[in-house]
Amino acid sequence: MKNALPVLRAERGWSQADLAERLGVSRQTVNSLERGRYDPSLPLAFRIARTFDRRIEDIFDPEG
Amino acid sequence: MNATESRHVDARASGSRLYGLYVLALAVCLIGNLVMRQGAQGGWLPPAAQLLLGLVAAAPLIVAAFLFWRLLRRDLDEMLQRIVLEGLAFALVLYIPLAALYVNLRTAGAWTPRLDPPDILLTPALLVCVGIALAIRRYR
């Protein structure tokens, strides 16, 4: 699934490790999410949305 | 970030340590098995001692299994949990038909490789490694 995670993270100047720490996941998981190799669970998607103060559908594109 | 979330950050290091512990525990079990067989063949290890050695040698694997379960349930994040579970599933679905095929070929009198207890112990461990490697490749 395509997503805006790399853009949102870059806007804030966070590294993947920074975002991983904020989300409570490993850096490897953030990397896989950004590359669209792994789709997050609903609880993790909500945590991501809260972290960036966006809606889930603003970050993730199911058509991607 | 709460305590549950912060545990996930070091999950990979925990996983590597636990894998090392598991391999070590498996090695202890295999060495115990080797000593038991040598002792039985050489006649210098009485049956009661063989039984005791068999139980003691398997104990580290039981501890490792408990630690593995705790790591899987509490410390790994959701993607790493999925990778480990897919690795275990891969090993299970492959090991059962392989074992069944081996038993059937052996029963039919066809040539089969001679499998010792260490081979039987190592095969699922090897299949789990392969399964985890394939899952890592899929998600990374």
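Keep in mind that what you see is a predicted model, and the values were worked out from it rather than measured.

## Overview of the packing of helix α2 (residues 16-23) of chain A against helix α4 (residues 42-52) of chain A
Residue and element names in this part refer to chain A.
Phase 1 of the analysis: Taken N-terminus to C-terminus, the directions of α2 and α4 make an angle of 115°; their axes are 10 Å apart at the nearest point. Comparing their axes, α4 and α2 come out roughly perpendicular. Between α2 and α4 the crossing geometry is right-handed. Across from Leu19, Arg22 and Leu23 in α2, the residues of α4 making contact are Leu44, Arg47, Ile48, Thr51 and Phe52.

## Observations concerning the pattern of salt bridges
All names here are of chain A.
Phase 1 of the analysis: For the structure shown, the criterion picks out five salt bridges over all chains.
Phase 2 of the analysis: Taking the shortest distance from any N to any O, the salt bridge between arginine 55 and glutamate 57 comes out at 3.7 Å. With respect to class, arginine 55 is no different from glutamate 57; both count as exposed.
Phase 3 of the analysis: Salt-bridge contacts for arginine 55 lead to aspartate 58; the nearest nitrogen and oxygen are separated by 3.3 Å.
Phase 4 of the analysis: On the basis of relative accessible area, arginine 55 is assigned to the exposed category, the value being 52%.
Phase 5 of the analysis: What makes aspartate 58 partly exposed here is its relative accessible area of 37%.
Phase 6 of the analysis: Each of Arg55, Glu57 and Asp58 takes part in a single network of salt bridges with overlapping partners.

## Details of the side chain of glutamine 16 of chain A
Phase 1 of the analysis: Looking at where glutamine 16 of chain A falls in the secondary structure, it is placed in helix α2.
Phase 2 of the analysis: Residues within four places of glutamine 16 of chain A in sequence aside, it is in contact with Arg9, Arg27, Val30, Asn31 and Glu34 of chain A.

## Topic: the packing of aromatic side chains
Given two aromatic rings, one states the distance between the centres and the angle between the planes to describe the pair.
Phase 1 of the analysis: Evaluated as defined, the whole model comprises three aromatic pairs over all chains.
Phase 2 of the analysis: Summarising the aromatic geometry, the rings of tyrosine 38 of chain A and tyrosine 139 of chain B are spaced 5.8 Å apart at their centres and angled 80° between planes, so their arrangement reads as edge-to-face. Of this pair, tyrosine 38 of chain A sits in the loop between α3 (27-34) and α4 while tyrosine 139 of chain B sits in helix α5 (residues 117-139), on two different chains. For the pair shown, tyrosine 38 of chain A and tyrosine 139 of chain B are each scored as buried.
Phase 3 of the analysis: Above the face of the tryptophan 14 of chain A ring, arginine 12 of chain A is positioned so that its terminal group lies 5.9 Å from the ring centre.

## Thoughts on unusual backbone geometry
Residue and element names in this part refer to chain A.
Phase 1 of the analysis: The backbone phi angle of aspartate 53 is positive, close to 55°, even though this residue is not glycine.
Phase 2 of the analysis: Looking at the element boundaries, aspartate 53 is found in the loop between α4 and α5 (56-59).
Phase 3 of the analysis: Looking at aspartate 53, the relative accessible area reads 70%, which means it is exposed.

Rules of the game
Residues numbered from 1 in each chain as written. Chains lettered and ligands numbered in written order. Predicted model: local features only at pLDDT ≥ 70, side-chain atom pairs only at ≥ 80, totals over all residues. Heavy atoms only, no water. Axes fitted to C-alpha atoms, helices over the stretch in contact; angles between N-to-C directions. Helix = DSSP H or I, 4+ residues; strand = E, 2+ residues; numbered from the N terminus. Parallel < 35°, antiparallel > 145°, perpendicular 65-115°, else oblique. Left-handed = near helix turned anticlockwise from the far one by under 90°. Contact = heavy atoms within 4.5 Å. Salt bridge = Lys/Arg side-chain N within 4 Å of Asp/Glu carboxyl O. Buried < 20%, exposed > 50% of the residue type's maximum accessible area, 1.4 Å probe, protein only. Phe/Tyr/Trp six-rings, centres within 6.5 Å; stacked < 30°, edge-to-face > 60°. Lys NZ or Arg CZ within 6 Å of the ring centre and 35° of its normal.

Shape descriptors only; they carry no functional weight alone.
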